[in-house]
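Descriptive analysis of the structure
Chain residues, written in single-letter form:
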Amino acid sequence: MTMEIRIYPDEVLKKQAEKVEEFNEEIRNIVNQMFETMYKRGGLGLAGNQVGILKRIVVIDLDAGKEREGKNQIVLINPEIVTMEGEQLNQEGCLSLPGLYKKVKRAAYVKVKAQNVDGEDFEIEGEDLLARALQHEIDHLNGIVFIDRLSPLQRRLALQRYKKLKREYERKMKKR
């Protein structure tokens, strides 16, 4: 069963997600539904806020839409960036801002500590696209969307463009 993706400026996207305290079947179901929703919508990552769940849950699959889809799933519960190094400037998009792509400055390398669906601690390191995805999704859990990382002028221009894109997206979704 897929979930509804919350579209900017939905208030839930601006809220801080809460720490997951109980690791149970409900969390597993949420994770499975988030992956299903992400794949259906063509994303590489999805955070709890984006589906209206204010829990610190992130799913990522950089192979989404490829033959290897589902084989390299990453589940992060209560993720926290512990190390950031370097710099990269690349295009980003977001399922909550459909159709909008802008260059965003991010760290080129990150190390994240998190828990899996069973509550076990682990660390993951990422460079380039994985580093970008980790930072993007953890930002969501903190109530930050990628356009918040732009300069005031870039953000204003992006929001003007997004208003038009959002109208087109809403028309498209009504036809479904």
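What you are looking at is a predicted structure, and each value in this text was computed from that prediction instead of being measured. (Residues numbered from 1 in each chain as written. Predicted model: local features only at pLDDT ≥ 70, side-chain atom pairs only at ≥ 80, totals over all residues. Heavy atoms only, no water.)

**Things to note about the packing of aromatic side chains**
Counting across every chain of the model gives 2 aromatic pairs. With 5.9 Å between their ring centres and 70° between their planes, Y8 and Y162 make a pair best called edge-to-face. Here Y8 is found in the segment before α1 (25–41), whereas its partner Y162 is found in helix α3 (residues 152–175), with 154 residues between them in sequence. Summarising the burial analysis for this pair, Y8 and Y162 share the class buried. (Phe/Tyr/Trp six-rings, centres within 6.5 Å; stacked < 30°, edge-to-face > 60°. Helix = DSSP H or I, 4+ residues; strand = E, 2+ residues; numbered from the N terminus. Buried < 20%, exposed > 50% of the residue type's maximum accessible area, 1.4 Å probe, protein only.)

**Things to note about helix α2 (residues 128–141)**
Note on helix geometry: an α-helix contains 3.6 residues per turn, so any two residues three or four positions apart are oriented the same way. Here α2 spans 20 Å end to end across 14 residues, near enough to the 20 Å set by a 1.5 Å rise per residue. Taken across its 14 residues, α2 has 12 buried, putting it largely inside the fold. Within α2 the residues assigned to the buried category are L130, A131, R132, A133, L134, Q135, H136, E137, I138, D139, H140 and L141. Positive phi appears at G143, one or two residues downstream of α2, with a value of about 80°. (Expected span 1.5 Å × (residues − 1).)

**Describing α3**
In this model α3 runs 35 Å from its N-terminal to its C-terminal C-alpha over 24 residues, within 8% of the 34 Å that 1.5 Å per residue would give. Residues of α3 that are buried include every one of A158, L159, Y162, L165 and Y169, and no others. In this fold, the buried residues of α3 make contact with α1 and β5 (102–106). (Contact = heavy atoms within 4.5 Å.)

**A short note on the nonpolar core**
With 36 residues, the main nonpolar core has Y8, M34, L46, I57, L97, L100 and I147 as its most contacted residues. When contributions to this core are tallied by element, the ones reaching two or more residues are α1, β2 (57–60), β3 (74–85) and α3. Element by element, the count of residues in this core is highest for α1, at 7 residues. Contact partners of L100, with chain neighbours within four places excluded, come to E92, G93, C94, F146, I147, A158, R161, Y162 and L165. (Core = buried A, V, L, I, M, F, W, Y, C linked by side-chain atoms within 4.5 Å.)

**Details of the sheet that holds strand β1 (residues 45–47)**
Reading across from one edge, β1-β2-β3-β6-β7 is the order of the 5 strands in this open sheet, with antiparallel pairing throughout. The open sheet has two edge strands with one neighbour each: β1 and β7 (121–127). On average, each strand axis in the sheet is tilted by 40° relative to the strand beside it, whichever way the strands run. Here 4 bridges tie β2 to β3, and the two strands are oriented antiparallel to one another. Bridge pairing in β3 links V58 to L76. In this fold α1 packs onto β1, β2 and β3, with an angle of close to 40° to the strand it touches most, β2. Its contacts with the sheet put α2 on β1, β2, β3, β6 (109–115) and β7, and the angle it makes with β7 is roughly 125°. (Pairing = 2+ DSSP bridges. Axes fitted to C-alpha atoms, helices over the stretch in contact; angles between N-to-C directions.)

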